[in-house]
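What the coordinates show
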Amino acid sequence: MHPGPRSDNSAASKGVIYLDNHATTRVDPRVVRVMLGALTEHFGNPSDRSHAIGDDAARLVDRNREHVGVFVNADAEDVIFASSATVALRKTITHLARSSGRKSFRIAASSVEHPAILKVLSEVSRQGLASVALIEVDHAACLSLNAVERVFADGCDLLCVMAANNEVGTIYPIKELAARAHRADAEILVDACQAAGHLPIDIADWQTDYLVFSAHKMNGPKGAAALVTSSPERLRLRQLLENDSGTLNVPAIAGFGEACRLSSLELPEHCLKMAALRDRLQSRLLRLIPRLIVNGDQSQRLPHSLHISIPSVPSEALIARLFNRVALSSGAACQSGTDQPSHVLTAMRLPSPQIDGALRIAVGSDTTTTEIDAASELIAGAAADILQLTKASQNAHDYAS
Ligand code: PLP
């Protein structure tokens, strides 16, 4: 069958301003070039080094393992590739629970972890492989170290904490948490999906036992993520994530490695640029929208993150109104589009109007100041329109009754 003409009529090409970089990021053109080389030149199967073409692909994978290792200050041999962070987290946690040899493996996690972790935790708990304790956060999604210590006092084998939150951008003190975990004879698994590319990550300094991050959150492609670990379970985890999962996705791995290499070179400059754009957007929105609230911990926040609430303006209505003009989100990608309120904002115990009017915004490396200025006007305009419509329908209702 003929596939028919291609359509390149993308929303991005029509000028939609993209401010949902927590969900995913556009692939850097320099990464695309490397991936194209992997698709067309280094196309061999890396598991077959018996000829030069396969060996060439295997060497490309090795080179990119190095780039990913350098990016987090780990040895290349500690880098294990996976198809996504969700898969890496699932297989790692399930394997640790299954192989612990304990009657009940005890896992503690913050209550604001990504659904990719929370789902696995409820599964291992349901299957009787582990007991799970969730640690509460405060109104800014920060963890109290006292609450963490209480969990250790009750007994804990594995602490799961994200390096930074994917909704409100709050950054967690991983080095401190790892030191406390090790003092309590527990291991620590860190989900660094949102932090990678936006915060310096140093495994040797942080002393994490398992670290997971994903290429598509840092201007790399979808289809590649890494678990980085030097634990004695490393070989078994490599077997589960790489060897048992079919042929490695060489182009995605090459793109991931290149995204890491570029980020290793450009991180400080990138973070300054992101923070300047984010702060510009924040101050414009605060000026244009009365009663706007900035959520999260503004002193410990990812440089590209801005989480706001516009009380009395339901976020779903605002997002729908801006569908073709500004791409925004009300929460984690897997939760948007459902009726469920964000578990992060619920755990922060924000009042309902603040949850209903919550918008998750993240600028990206290709965002411009012109886009920031246009987006702030569009968001403020849409919020004012919705408020007016709500008022008009309220008046009509009052009049009728
Ligand atoms: N963890 C966090 C904090 C995330 O933000 C995401 C993606 O949204 C994931 C895990 C899952 O990553 P992936 O899309 O690679 O499965």
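None of these values were measured; they are calculated from a predicted model. Here, residues in each chain are numbered from 1, in the same order as that chain's written sequence. Local features are withheld for residues below a pLDDT of 70 in this predicted model, meaning they are given only at 70 or higher, and side-chain atom pairs are given and counted only at 80 or more; totals for whole chains, interfaces and linings count all residues. Excluding hydrogens and water, the side-chain figures rest on all heavy atoms present in the structure.

Side note on the packing of helix 3 (residues 85-99) against helix 4 (residues 115-126)
- Interaxial distance between helix 3 and helix 4 falls to 9 Å at its minimum, and their mutual angle equals 30°. The orientation of helix 3 relative to helix 4 falls into the category roughly parallel. At the point where helix 3 passes helix 4, the crossing takes the right-handed sense. In contact with Thr86, Leu89, Arg90, Ile93, Thr94 and Ala97 of helix 3, helix 4 contributes Ala116, Ile117, Val120, Leu121, Glu123 and Val124.
- We call Asp, Glu, Lys and Arg charged. Ala, Val, Leu, Ile, Met, Phe, Trp, Tyr, Cys and Pro are nonpolar, and the rest, Gly among them, are polar. Classifying every residue of the contact of helix 3 with helix 4 by side-chain character gives 8 nonpolar, 2 polar and 2 charged. Inter-axis angles, ranging from 0 to 180 degrees, are taken between N-to-C directions of lines fitted to C-alpha atoms, where helices are fitted over the stretch in contact. Helix and strand definitions here come from DSSP, where helices need a minimum of 4 consecutive H or I residues and strands a minimum of 2 consecutive E residues; each element is numbered from the N-terminal end. The labels follow the angle: roughly parallel below 35 degrees, roughly antiparallel above 145, roughly perpendicular from 65 to 115, and oblique for the rest. Whether a crossing is left-handed or right-handed is set by the direction in which the near helix is turned from the far one by less than a right angle, anticlockwise for left-handed and clockwise for right-handed. Residue contacts are defined here by distance: any two heavy atoms, one from each residue, within 4.5 Å place the two residues in contact.

Description of helix 6 (residues 174-183)
- Looking only at helix 6, the buried set comprises Ile174, Leu177, Ala178, Arg180 and Ala181. Projection of helix 6 onto a plane perpendicular to its axis shows the buried side chains occupying an angular sector of 165°, all on one side.
- Check the buried side of helix 6 and you find it contacts helix 5 (145-154), strand 5 (158-162), strand 6 (187-191) and helix 7 (203-206).
- Within two residues after helix 6, Asp185 carries a phi angle of roughly 65°, on the positive side. Note on classification: 1.4 Å probe, protein chains only; a residue is buried when its accessible area is under 20% of the maximum for its type, exposed when over 50%, partly exposed between these limits. What the arc covers is the set of directions going from the helix axis to the C-beta atoms.

Section: the sheet that holds strand 12 (residues 358-362)
- The 3 strands are arranged 9-10-12 in an open sheet whose pairing can be described as antiparallel. Every other strand in the sheet has two partners, leaving strand 9 (293-294) and strand 12 as the edge strands with one partner each.
- Here, a strand pair is defined by DSSP locating no fewer than two bridges between the strands. Pairing of strand 9 with strand 10 (residues 305-309) involves 2 bridges; the strand directions are antiparallel. Counterpart to Ile293 in the pairing with strand 10 is Ser309.
- Of the strands in this sheet, strand 9, strand 10 and strand 12 touch helix 9 (residues 250-288), which is tilted by about 15° from strand 10.

Some thoughts on the environment of Ala82
- Position of Ala82 among the secondary structure elements: in strand 2 (residues 79-82).
- Sequence separation between Ala82 and Pro351 is 269 residues; the distance between their C-alpha atoms is 39 Å.
- Look past the residues within four positions of Ala82 in its chain and what remains in contact with it is Ala88, Gly223, Ala224, Ala225 and Leu241.

Observations regarding unusual backbone geometry
- Located in the positive-phi region is Asn219, a residue other than glycine, with phi close to 65°.
- Among the structural elements, Asn219 can be located in the loop between strand 7 (210-214) and strand 8 (225-228).
- The backbone of Ser312 sits at a positive phi, close to 75°, despite the residue not being glycine.

Quick word on the pattern of salt bridges
- Each salt bridge in this description consists of a side-chain nitrogen of Lys or Arg and a carboxyl oxygen of Asp or Glu lying within 4 Å of one another. Throughout the structure, instances matching the rule amount to 22 salt bridges.
- Salt bridges sharing common partners tie together Arg49, Asp55, Arg59 and Asp62.

A look at the site of the ligand
- Close to the ligand lie Ser84, Ala85, Thr86, His114, Met162, Asn166, Asp191, Cys193, Gln194, Ser214, His216 and Lys217, which account for all nearby residues.
- For the purposes of these results, a polar contact is taken to be a pair of N or O atoms within 3.5 Å, where, inside protein, one atom must be able to donate a hydrogen and its partner to accept one; residues adjacent in sequence count only when each atom of the pair is a side-chain atom. Asp191 places a polar side-chain atom, nitrogen or oxygen, 2.6 Å from a nitrogen atom of the ligand.
- At 2.5 Å, a side-chain N or O of Lys217 approaches an oxygen atom of the ligand.
- We get accessible surface area from the Shrake-Rupley algorithm with a probe of 1.4 Å; when it comes to residues, only the shown protein chains can shield them. Alone, the ligand offers 390 Å² of accessible surface; in the complex the protein occludes 89% of this.
- Its residues assigned to classes, the shell around the ligand comprises 3 nonpolar, 7 polar and 2 charged. When we say a residue is near a molecule or strand, we mean one of its heavy atoms is within 4 Å of it.

Here we look at the environment of Ala358
- Within the element layout of this structure, Ala358 appears in strand 12.
- Separated by 284 residues in sequence, Ala358 and Ala74 place their C-alpha atoms 38 Å apart.
- Among residues more than four places away in sequence, those in contact with Ala358 are His307, Ile308, Ser309, Ser315, Ser329, Ser330 and Leu345.

Topic: the sheet that holds strand 4 (residues 130-135)
- Strand order in this open sheet of 7 strands is 2-8-7-6-5-3-4, and the pairing throughout is mixed. Each edge of the open sheet is held by one strand with a lone partner, namely strand 2 and strand 4. For this sheet the average axis-to-axis angle between neighbouring strands, irrespective of direction, equals 20°.
- The pairing of strand 3 (residues 105-110) with strand 5 spans 3 bridges and is classified as parallel. Bridging across to strand 5, Ile107 finds its partner in Leu158.
- Each of strand 3, strand 4, strand 5 and strand 6 touches helix 4; the most contacted strand, strand 4, lies at about 140° to it.

What about the packing of helix 5 against helix 6?
- One can describe the packing of helix 5 onto helix 6 by two numbers: an axis separation of 10 Å at closest approach and a directional angle of 25°. One element, helix 5, and the other, helix 6, form an angle in the roughly parallel class. Helix-helix and strand crossings are classified by hand; for helix 5 and helix 6 the assignment is right-handed. In this structure, helix 5 contributes Leu145, Val148, Glu149 and Phe152 to the contact, and helix 6 contributes Glu176, Leu177, Arg180 and Ala181.
- Among the residues making up the contact of helix 5 with helix 6, the classes are represented as 5 nonpolar, no polar and 3 charged.

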